[in-house]
Amino acid sequence: MLRVLALLTETATADQILSASACLLAQAGPAAITLLHPLAQTDPDFMPTEEVHTARADARFAASQQALAVELAQRADAWRQTGLPSLEIRAGVPEQIVTAAAREADLILLAAPQGDADARALLDLLLLRLAKPVLLLPRQMPRSFAQSIAIAWSDAENAAARAIGAVQALLRACQRATILLGTDSAHAAPPPQALLDSLEAA
């Protein structure tokens, strides 16, 4: 069974994550989806060299985070009829929360972190430090889900091979799949054999 971790970090992209989670549940076969909001208890943007730490600032930050968590939970509840679970809200250090949850997941859903520093930090954590397969969603969802898929290839720890394996059902159903290969060369090179082997196995 595919284990999916869907991360909700802001209200602007909550519906996109929830919609993609519901579509994945319907299209990818048996799947266990966890909806997670990592609730920060301290302000990651606080700069001790430039700001004064006060109880009022702490209370204001805590109130804003609690309001965000309530709003995200309400958004998730509206999708319960599609088979999605309730939103799990875990308080602490977001990186630590996501690291622990990602270890149990085969695939992570995250919205493209345009202007969202928290989502960008989580994306860097998941891809660069944990080497986890991430399905990165556009901030404006298209009318049809996963009809055009791009796979960023990396041979580090078989990351791309695991990503392809996690979304096999989507790859078979999509209209177009694009492989993104990063290179230092100015000229195109043949795709790595490991990539061809992964696609053949899928």
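No experiment lies behind these values; they were computed from the predicted model shown.

## Overview of the sheet that holds strand 2 (residues 31-40)
Across the sheet, five strands lie side by side as 3-2-1-4-5; this open sheet has parallel pairing. Two strands lie at the open edges of the sheet, namely strand 3 (88-92) and strand 5 (134-137), each paired on one side alone. The average undirected angle you get between the axes of adjacent strands in this sheet is 25 degrees. Relative to strand 4 (residues 107-111), strand 1 (residues 2-7) is paired through three bridges, and the arrangement is parallel. Residue pairing across strands places V4 opposite L107, the latter belonging to strand 4. Those strands touched by helix 3 (residues 94-102) are strand 1, strand 2, strand 3 and strand 4, and its axis lies near 165 degrees from that of strand 2.

## Examining the pattern of salt bridges
Throughout the structure, instances matching the rule amount to six salt bridges. One salt bridge connects R90 with E88, and the closest N-O pair in it is separated by 2.6 Å. A relative accessible area of 30% means that R90 is categorised as partly exposed. Judged by its relative accessible area of 33%, E88 falls in the partly exposed class. When salt bridges that share partners are traced, they join D15, E71 and R75 into one network.

Cut-off values and rules
- Residues numbered from 1 in each chain as written.
- Predicted model: local features only at pLDDT ≥ 70, side-chain atom pairs only at ≥ 80, totals over all residues.
- Heavy atoms only, no water.
- Pairing = 2+ DSSP bridges.
- Helix = DSSP H or I, 4+ residues; strand = E, 2+ residues; numbered from the N terminus.
- Axes fitted to C-alpha atoms, helices over the stretch in contact; angles between N-to-C directions.
- Contact = heavy atoms within 4.5 Å.
- Salt bridge = Lys/Arg side-chain N within 4 Å of Asp/Glu carboxyl O.
- Buried < 20%, exposed > 50% of the residue type's maximum accessible area, 1.4 Å probe, protein only.

Any functional reading would require information that these geometric values do not contain.
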